[in-house]
Amino acid sequence: MRALGIFVLDSWVDALARKASLVVGLLIAVPLLLIAVALPVEPGSTPGTVRITLPWMIFLEEPGGPRPIDRELPVERFVRTVNTFVVGFVSGWGILMALFLTAGLLPRTLGRGQAEIVLSKPVPRWSVYLGRYFGAVTLFLGASLVVILAVAGILWGRTGFFSARAVLSVLLVNLVFAALYAWTCLLGLVSERSGLAVWGAVLVWLLCGFLGRVHTFYPDIAASPKLWVRVLGGVGEALYRVLPRTGDLADAALEVLWGRGLGWTEPIWATALSTLTLLSLSVLWFYRRDY
Amino acid sequence: MAAIEVRNVVKTYRGLWAPRVQALRGVSLMVQEGEIYGLLGPNGAGKTTLLKCLLGLVRPDSGEAKVLGLPGEDPQARKFVGYLPEDHAFPGHRRAVPVLCFHASLLGLSRTEARDHAAKLLEQMGLSEKRRAKVKAYSKGLRQRLALAQALLGQPKVLILDEPTANLDPLGRKEVKDLLLRLKAEGTAILISSHVLTEIERICDRVAILHQGRLLQEGTVEELTAEKSLEDLFVSLFQASSNTYGSQA
């Protein structure tokens with residue numbers, strides 16, 4: 001366990017020692033914090049409301065397209081709308097950037113020349129692999145929590161409403177990253193190329209999202225008179241069951257954020273099981289590999 | 001107990017797309033404490049594979065490769081072993097001290113011990129002035145010195161060195177030679193793989209000549225060089241071996 005901790009800690013040090021990590025981290029965090037600080041919001045005419053005046057439109061679930069805004073709305077709704085934007089930003093752009101920045105951790109450690117040095121030390125192999133994996137996962141968890149808590153804190157200071165649900169929602173986003181990063185690690189281990197690892201993980205991400213959408217039409221597909229449609233649909237449904245449920249988790253994150261609660265926890269357990277299985281297979285393969 | 005013990009080690013690399021390569025065909029050798037043992041052989045002889053078997057980096061198909069009485073796959077066996085690979089790499093964006101401290105922590109050293117060790121080894125390897133530079137700014141020679149420094153972390157009882165003087169200038173080679181002789185006097189068992197015959201001849205107590213995964217000859221430097229120079233012996237053994245086993249390789 002000590003070796004695992006060393007690799008987790010070193011992953012943070014390694015990531016923070018790279019200027020690119022700091023630059024990208026700031027590029028993500030600063031705009032979000034600026035939005036929270038600079039949004040033109042003031043107390044509304046009635047308790048529990050805020051007045052927002054914007055010369056342009058932001059997403060407020062209102063039909064009609066872009067137009068200037070000058071209206072009062074419940075403070076909870078305002079805070080959750082901003083949090084939706086922040087969580088959406090972190091779950092999309094944040095995950096993509098985190099994959100790019102951390103994809104090289106394992107290939108660098110286990111690349112030619114470094115693997116021999118690291119693996120000749122008295123550390124079990126699983127600690128190297130899982131140390132790098134959890135290093136990146138905890139780094140993303142820490143960074144995303146800092147951003148969401150900072151935004152939530154600023155909004156709390158300005159409106160008096162603190163949304164703890166945003167934190168819960170970010171945990172679900174982190175599960176998506178953890179699932180995708182397990183693929184990044186496996187692809188990085190096999191190919192020893194960080195580029196291939198990150199693009200492979202992005203492809204898995206797109207595939208998972210696509211399968212999630214196809215799943216909603218599965219009853220129609222299964223009832224199709226054409227055999228090839230039914231076979232393809234069956235394969236897609238099988239993959240949906242096995243692969244991480246990234247799309248469902250994104251939906252779940254929004255449901256949590258808006259206080260609708262988690263009516264279905266299946267995507268969480270399915271994704272966790274899929275990730276654990278992939279990690280176990282990766283470590284087994286790593287154990288058998290010659291360096 | 002021998003510091004290093006290799007018994008009938010056989011290793012064949014099998015790739016899905018690559019042809020099978022028999023890297024080791026029943027190699028046996030022993031290295032005692034306070035002994036420098038040289039492994040000689042042309043490229044592809046199986047020298048590096050043998051060293052990697054001792055460190056658990058490569059798993060033998062059969063036979064035993066033990067360090068300090070424990071099989072190489074056992075992490076405890078590697079606790080007192082320093083290894084310098086032929087091709088080594090360090091993260092270019094890190095500096096020498098954090099690199100050494102990281103490797104020292106993997107050996108179980110505390111943070112203070114790791115820093116002290118790192119500072120001492122950087123001084124010993126002539127890297128003190130470059131300690132603030134990033135590794136990517138190091139020359140090949142400086143990287144070789146840094147790699148040697150990481151192999152010496154934790155005062156190992158067994159040193160396994162693959163081409164230790166590669167990329168070093170004559171002064172660096174002499175420094176390494178003196179260092180190895182001092183470590184030998186302190187009781188460290190040292191296994192060196194090298195192409196440089198003069199280097200092996202000067203510092204090794206015993207030498208093994210490896211070719212196509214077979215150990216062709218083993219003995220003290222005096223025994224092997226009684227009739228002809230090491231270079232002549234090296235060439236004649238390879239020619240004879242290639243004629244005998246060439247078709248099986």
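Details of the structure are given in the entry above.
First things first, this report covers the structure right here in the doc. (Residues numbered from 1 in each chain as written. Chains lettered and ligands numbered in written order. Predicted model: local features only at pLDDT ≥ 70, side-chain atom pairs only at ≥ 80, totals over all residues. Heavy atoms only, no water.)

### Some points on the sheet that holds strand S2 (residues 21-31) of chain B
Backbone hydrogen bonds hold the strands of a sheet together, and the pairing may be parallel or antiparallel. Residues and elements named next belong to chain B. So the rule is basically this: Only strands that DSSP links by at least two bridges are regarded as paired with each other. Secondary structure elements are defined from DSSP: runs of H or I of at least 4 residues count as helices, runs of E of at least 2 residues count as strands, and each element is numbered from the N terminus.
Spatial strand order, S2-S1-S4-S5: four strands in an open sheet with antiparallel pairing. Each edge of the open sheet carries a strand with a single partner, namely S2 and strand S5 (70-71). Here eight bridges tie strand S1 (residues 4-13) to S2, and the two strands are oriented antiparallel to one another. From the neighbouring strand, Thr 12 faces S2, where its bridge partner is Gln 22.

### A look at the sheet that holds strand S6 (residues 81-84) of chain B
All names here are of chain B. Which entries qualify depends on this criterion: Helix axes are fitted only over the stretch in contact, all axes being lines through C-alpha atoms; the angle between N-to-C directions runs from 0 to 180 degrees. Throughout, a contact is declared for two residues whenever any of their heavy atoms are within 4.5 Å.
An order of S6-S7-S8-S3-S9-S10 is seen for the six strands of this open sheet, with the pairing classed as mixed. Only two strands of the sheet have a single partner each, and these edge strands are S6 and strand S10 (214-220). Strand-to-strand, the axes of this sheet are offset by a mean angle of 15°, without reference to chain direction. Across four bridges, strand S3 (residues 36-40) lies against strand S9 (residues 206-211) in parallel orientation. If you follow Gly 38 over to S9, its bridge partner there is Val 207. The strands touched by helix H4 (residues 140-151) are S6 and strand S7 (158-162); relative to S6, the strand with the most contacts, the crossing angle is about 165°. Helix-sheet contacts for helix H5 (residues 170-185) involve S3, S7 and strand S8 (189-194), and the interaxial angle to S8 is about 150°.

### What to know about the pattern of salt bridges
Residue and element names in this part refer to chain A. Convention followed: What counts as a salt bridge is simple: a side-chain nitrogen of Lys or Arg found within 4 Å of a carboxyl oxygen of Asp or Glu. Classification of residues uses two cut-offs on accessible area relative to the type maximum, computed with a 1.4 Å probe and protein chains only: under 20% is buried, over 50% is exposed, and between them is partly exposed.
All told, the structure shown has 22 salt bridges over all chains when counted by the stated rule. Taking the shortest distance from any N to any O, the salt bridge between Asp 14 and Arg 108 comes out at 2.8 Å. Taken together, the residues span a long stretch of sequence, with Asp 14 in helix H1 (residues 2-16) and Arg 108 in helix H4 (residues 105-109) at a distance of 94 residues. By relative accessible area, Asp 14 is classed as buried at 4%. Judged by its relative accessible area of 24%, Arg 108 falls in the partly exposed class.

### Observations regarding the packing of aromatic side chains
Selection criterion: Any two rings among Phe, Tyr and Trp, with Trp reduced to its six-membered ring, count as a pair given centres within 6.5 Å; such a pair is stacked if its planes are under 30 degrees apart, edge-to-face if over 60, and tilted if neither. In this scheme, the term charge over a ring applies when either NZ of a lysine or CZ of an arginine sits within 6 Å of the ring centre and within 35 degrees of the ring normal.
Inspection of every chain in the model, using the stated rule, returns ten aromatic pairs over all chains. Considering the side-chain rings of Phe 7 of chain A and Phe 102 of chain B, the 5.6 Å spacing of their centres and the 80° angle between planes classify their relative orientation as edge-to-face. Here Phe 7 of chain A is found in helix H1, whereas its partner Phe 102 of chain B is found in helix H2 (residues 96-106) on a different chain. Across this residue pair, the class does not change: Phe 7 of chain A and Phe 102 of chain B are buried. Where Phe 177 of chain A meets Tyr 181 of chain A, the ring centres are 5.5 Å apart and the plane angle is 20°; that geometry is what we call stacked. You can see Phe 177 of chain A and its partner Tyr 181 of chain A sitting in helix H7 (residues 165-191), four residues apart, about one turn around the helix. Grouped by ring-pair contacts, the aromatic residues Tyr 133, Phe 134, Phe 140, Phe 177 and Tyr 181 of chain A constitute a single cluster. Its end group placed over the ring of Phe 286 of chain A, Arg 125 of chain A keeps NZ or CZ at 5.6 Å from the ring centre. In this structure, Lys 157 of chain B is placed above the aromatic ring of Phe 80 of chain B, and the distance from its NZ or CZ to the ring centre is 4.6 Å.

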